[in-house]
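Now for the letters of each chain:
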Amino acid sequence: MKSVLPVLVVVAALIGLWYAAAVPMNVRGVLDEAERAGAEVVPASGAERRERAVWTLVVRNPGAIPATWAQERPRLPAPHQVAAELWDTTAGKSITSKRSLVYHGWVTLSATLLGFAIGTGLGILLAVGIVQSKVMDMSVMPWAIVSQTIPIIALAPMIIVVLYSVGVQGIIPKAVISAYLSFFPVVVGMVKGLRSPDAMQLDLLRTYNASAAQGLWKLRLPASMPYLFASLKIGIAASLVGAIVGELPTGAVAGLGARLLAGSYYGQTVQIWSALFAAAILAAALVGLLGLIERLVLRRMGVA
Amino acid sequence: MMLVALALVLWGLGWWLNLRIAEGPHAQSRAARLAVPLIFGAVVLAVWELLVRGLQVPLVILPAPSLIAARVAGSLPILWADFLQTFVKGALTGYVIGCTAAILTAVLVDRSDFLRRGVLPVGNFVAALPIVGTAPILVMWFGFDWQSKAAVVVAMVFFPVLVNTVAGLRETTAMQRDLMRTYAASYWQEFFKLRLPAAMPFIFNGLKIATTLALVGAIVAEFFGSPTLGMGFRISASVGQLSLDMVWAEIVVAALAGTVFYGLVALVEKAVTFWHPSQRG
Amino acid sequence: MNATTVVEARDLDLVFQTGDGPVHALKDVNLSIDKGDFVSFIGPSGCGKTTFLRVMAALEQPTGGTVTVNGMSPEEARRKRAYGYVFQAAGLYPWRTIAGNIRLPLEIMGFSRAEQEERVARVLKLVDLEGFGGKYPWQLSGGMQQRASIARALGFDADILLMDEPFGALDEIVRDHLNEQLLALWARTGKTIAFVTHSIPEAVFLSTRIVVMSPRPGRITDVIESPLPRERPLEIRDTAQFIEIAHRVREGLRAGHSDAL
């Protein structure tokens, strides 16, 4: 609780920095617009202004500063512009509208969640297999670890197109990408968790002559929970990135990735930023939700 | 059908062989630990090859490994140019700038307890966000060439390295700090002789996470616009032309680059943090 | 205060403010330690013996009274590097060799390269660790690590050695051996030693003076001047004189305990 104030100060500083950065980023555009509108700017011609450093322009035209926070297509939109766009496209639009961020967010979220569920389920199964079977451990585990160092997201465009060519479209291809991106972190984290009980605890079960299944249910699975949740948080974030990147290559019309791409085609910076923040909010909400579930589960188990 | 049957037989054979080694008396030896995954990998490749040929899977769905290998061998100049553009110029530049900036920021933040308590939660929060989404913005600002890719990489690696370094610099015990006090050590003496070495395992943890992020950032950023060069560009262009062998060839290069990059950082880590329990093995 | 007084505490008070209210860690502590003394502090946990050591080292600030070390405030004495502190755990840096650890304070204090090497070699010999300078701490036993940490405190010629249960975590056989070595070291170097311990035999065996403390509030209940000679073989622990002093310490501890109840 004692970190509330420092966090607020840091966030406020970041927002302040953002406003400050918007001034030099946008001042050229603002002055060009002002010149076209017939206003007095120094220096008067665009060619001359291009010669000057942005800071000189800001100092010579202090009156232009408020306008740098209110452009329609700024290079860097000000925080309140992004917030207004976010509010406008969520609360201000019917959620079935193509202009509603809730609609686009849901398109991405549904693929994320489906893929995450598949990837996590398979990941846990493989982890159990690896812990129970020595030959699986020795064959598969090194590759699972190596996979963590590879940008496997590069497969995404291919998966979309290949699945499209065999007639699979819509949510499934994106979910496949989300699934394999969350799969490997869950396998690696879960194996670590299932192996976390120490020798004494395992020996105790051996003195009870417990079966492998009993050892799994009564010791290994409960002991793995903290590790599982840690990798689930990494996995869900990776899933979301997967779903967003999965929307890029086919020029999808719906989803947060599609909003990013469309925004960058048409120079709609405010739209890009609001899609980016929607994705960030989604990621934060998903990770936060998992954190909440983690706390409940661990408290229920009596370990936290 | 023969080939498919052969694939199944080969799969069984490989599994049986690995089972023999894993359950055998030398399972813990270095050779066995190396052999088993390699046999597994080789069998997967062979089965892939046989199934693609046996079932006559079209090229636009899944090319055979032999075809991918031939494509790699036949396109070395292109692959090399793409590698230079994406990895060396984009990823590596961004990695060096981002990690350096993050570590320097962490050193500054660490001087103030107030700042540290504010930056840690915010940094952890930001590190979990889909930062790769900043790619379209940064492409707009820095242009299509590698500079924008390096900028995306900087944004992606900054926070994980920052958070790990800040946490690592706190990783000294009260006793170790008291000892430095009894020597009347100055701030920078304590920093260089105690806190920085103690933080190294954490810093390298961040640096290792950042290697993969750097490559991901550089490749994905090219999906938002690039010159007609680069691994991400080649992947999306080749996907469009349905030449999947080229896509796979680029993925092979990306996998190698990622693994080697990570491996090199891990090697440096081993040399620097040889004393840490996790490295003494 | 005469010329040979090294540490002088007058009406020392220290109150910690904790979440459960104030804790009176030290109350009305009066003590002077002379040059060349070996003073042990003994008492149950919470009696303030470690706190008193930390006050002398300027690791804690008293809330009342005064302490002087070599005629200065503890803070000035700390800046002049007047003492070597040995903690309960060896606390050696795992990334430095034994010699590197002993060199650490010498580097900080700005000794020349040649002098560092010379001093490291000398103190390694003093604690019987010749030949181990190139090893890493985690390659050594707990007893050897603790000896290295003593060597680290000896390297820079501080004339006061503050030791906070340095052998507390070691087994009894190792502990006996280190006690003997410490006495030999003290005889050879003539340092002033303040030594915190839980163990009555250890305190009696080592000390010229034994300070008995009791908790809530932390205070001194008895100061025993030991009549034992300075040179002490281990067998001295079986003499009547030794047992008598040990008995007096135990009585002091018990009295302090019943006061508090």
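Residues numbered from 1 in each chain as written. Chains lettered and ligands numbered in written order. Predicted model: local features only at pLDDT ≥ 70, side-chain atom pairs only at ≥ 80, totals over all residues. Heavy atoms only, no water.

**Brief notes about the overall build of chain B**
Right, on to step 1. Of the regular secondary structure elements, chain B holds 12 helices and 0 strands.
Right, on to step 2. Starting at the N terminus and walking to the C terminus, you meet the elements of chain B as α-α-α-α-α-α-α-α-α-α-α-α.
Right, on to step 3. Principal-axis analysis of the C-alpha atoms gives chain B an extent of 80 × 60 × 30 Å.
Right, on to step 4. Looking at chain B as a whole, 51% of its 281 residues qualify as buried.
Right, on to step 5. When the accessible surface of chain B is split by element, carbon and sulfur atoms take 73% of a total near 12500 Å².
Right, on to step 6. Positive and negative charge centroids in chain B, built from 19 and 13 side chains respectively, lie 6 Å apart. (Helix = DSSP H or I, 4+ residues; strand = E, 2+ residues; numbered from the N terminus. Buried < 20%, exposed > 50% of the residue type's maximum accessible area, 1.4 Å probe, protein only. Areas by Shrake-Rupley, 256 points an atom, 1.4 Å probe, with all protein chains shown as cover. Lys, Arg positive; Asp, Glu negative; His and termini not counted. Charge placed at Lys NZ, Arg CZ, Asp CG, Glu CD.)

**Topic: the overall build of chain C**
Right, on to step 1. Of regular secondary structure, chain C possesses 8 helices and 9 strands.
Right, on to step 2. Taken over the C-alpha trace, chain C has a radius of gyration of 18 Å; the compact-globule value for 261 residues is 18 Å, and the two agree within 12%.
Right, on to step 3. With the C-alpha coordinates aligned to their principal axes, the bounding extent of chain C is approximately 55 × 40 × 40 Å.
Right, on to step 4. Per-residue burial over chain C gives 55% buried out of 261 residues.
Right, on to step 5. Distance between charge centroids for chain C: 5 Å, based on 30 positive and 33 negative side chains. (Rg over C-alpha atoms; globule rule 2.2 N^0.38 Å.)

**Digging into the packing of aromatic side chains**
Right, on to step 1. Applying the stated criterion to the full structure yields 30 aromatic pairs over all chains.
Right, on to step 2. Judged by centre distance (4.8 Å) and plane angle (65 degrees), the ring pair of Tyr 95 of chain B and Phe 261 of chain B falls under edge-to-face. Placement of Tyr 95 of chain B in helix α4 (residues 76-110) and of Phe 261 of chain B in helix α11 (residues 244-272) is noted, with a sequence separation of 166 residues between them.
Right, on to step 3. Measuring from ring centre to ring centre gives 5.5 Å for Phe 38 of chain C and Trp 186 of chain C, while their planes differ by 85 degrees; the resulting arrangement is edge-to-face. With Phe 38 of chain C in strand β3 (residues 38-42) and Trp 186 of chain C in helix α6 (residues 172-189), this pair connects stretches of sequence that are 148 residues apart.
Right, on to step 4. Grouping aromatic residues by their ring pairs yields a cluster made of Trp 80, Phe 83, Phe 87, Tyr 95 and Phe 261 of chain B.
Right, on to step 5. Positioned above the aromatic ring of Phe 205 of chain C is the side chain of Arg 237 of chain C, whose terminal nitrogen or guanidinium carbon lies 5.8 Å from the ring centre. (Phe/Tyr/Trp six-rings, centres within 6.5 Å; stacked < 30°, edge-to-face > 60°. Lys NZ or Arg CZ within 6 Å of the ring centre and 35° of its normal.)

**What to know about the domain arrangement of chain B**
Right, on to step 1. Considered domain by domain, chain B is made up of domain 1 (2-57) and domain 2 (72-280).
Right, on to step 2. Centre-to-centre, using C-alpha coordinates, domain 1 of chain B lies 35 Å away from domain 2 of chain B. (Domains from an automatic or database assignment.)

**Some details on the arrangement of the chains**
Right, on to step 1. The interface with the highest contact count, out of 2 pairs of chains in contact, is the one between chains A and B.
Right, on to step 2. Spatially, chain A is disjoint from chain C: no contact exists, and the shortest C-alpha separation is 15 Å. (Contact = heavy atoms within 4.5 Å.)

**Focus on helix α6 (residues 134-147) of chain A**
Right, on to step 1. An ideal rise of 1.5 Å per residue puts 20 Å on 14 residues; α6 of chain A measures up with 20 Å between its terminal C-alpha atoms.
Right, on to step 2. Where α6 of chain A bends most, the angle comes to about 35 degrees, and this point is Val 140 of chain A, followed within four residues by the proline Pro 142 of chain A.
Right, on to step 3. Among all positions of α6 of chain A, only Val 135, Asp 137, Met 138, Ser 139, Val 140, Met 141, Ala 144 and Ser 147 of chain A are buried.
Right, on to step 4. Considering only its buried residues, α6 of chain A is in contact with α5 (101-132) and α8 (171-194) of chain A together with α1 (2-23) and α2 (30-54) of chain B. (Expected span 1.5 Å × (residues − 1). Bend = angle between axes of the 7 residues up to and from the residue.)

**A few points about the confidence of the model for chain B**
Right, on to step 1. Per-chain confidence: chain B averages 89 in pLDDT, with 100% of residues scoring 70 or above.
Right, on to step 2. Mean pLDDT across the elements of chain B bottoms out in helix α12 (residues 277-280) of chain B (78) and peaks in α4 of chain B (93). (pLDDT = per-residue confidence, 0-100.)

**Some details on the domain arrangement of chain C**
Residues and elements named next belong to chain C.
Right, on to step 1. What the domain assignment reports for chain C is domain 1 (5-82 + 160-260) and domain 2 (94-157).
Right, on to step 2. Inter-centroid distance (C-alpha atoms) of domain 1 to domain 2 is 25 Å.
Right, on to step 3. With 13 residues of domain 1 in contact, the opposing surface of domain 2 contributes 14 residues.
Right, on to step 4. Of the roughly 1100 Å² buried at the junction of domain 1 and domain 2 (both faces included), carbon and sulfur atoms supply 70%.
Right, on to step 5. The largest per-residue losses of area from domain 1 upon contact with domain 2 belong to Arg 81, Gln 181 and Leu 185, which jointly make up 41% of the total buried on that side.
Right, on to step 6. The tally of links from domain 1 across to domain 2 stands at 0 salt bridges.
Right, on to step 7. Summed over the shared surface of domain 1 and domain 2, the number is 2 residue pairs in polar contact (both at pLDDT 80 or more).
Right, on to step 8. Of all elements in the fold, only β6 (160-164) and α6 reach the threshold of two or more residues within the side of domain 1 that touches domain 2.
Right, on to step 9. Per-element accounting of the side of domain 1 that touches domain 2 gives the leading share, 6 residues, to α6. (Buried area = accessible area lost by both parts, 1.4 Å probe. Salt bridge = Lys/Arg side-chain N within 4 Å of Asp/Glu carboxyl O. Polar contact = N/O pair within 3.5 Å; in protein donor to acceptor, adjacent residues only side chain to side chain.)

**Let's talk about the sheet that holds strand β7 (residues 192-197) of chain C**
All names here are of chain C.
Right, on to step 1. Strand order across the open sheet formed by 6 strands is β5-β6-β7-β3-β8-β9, with mixed pairing between neighbours. Because the sheet does not close on itself, it has two edges, and the strands there are β5 (83-86) and β9 (219-225). Strand-to-strand, the axes of this sheet are offset by a mean angle of 15 degrees, without reference to chain direction.
Right, on to step 2. With 5 bridges joining them, β3 and β7 adopt parallel strand pairing. Bridge pairing links Ile 42 to Thr 197 in β7.
Right, on to step 3. The strands touched by helix α1 (residues 49-56) are β3, β5, β6, β7 and β8 (209-214); relative to β7, the strand with the most contacts, the crossing angle is about 150 degrees.
Right, on to step 4. Here helix α5 (residues 142-154) sits on the sheet and contacts β5 and β6; the angle it forms with β5, its principal contact strand, is near 165 degrees. (Pairing = 2+ DSSP bridges. Axes fitted to C-alpha atoms, helices over the stretch in contact; angles between N-to-C directions.)

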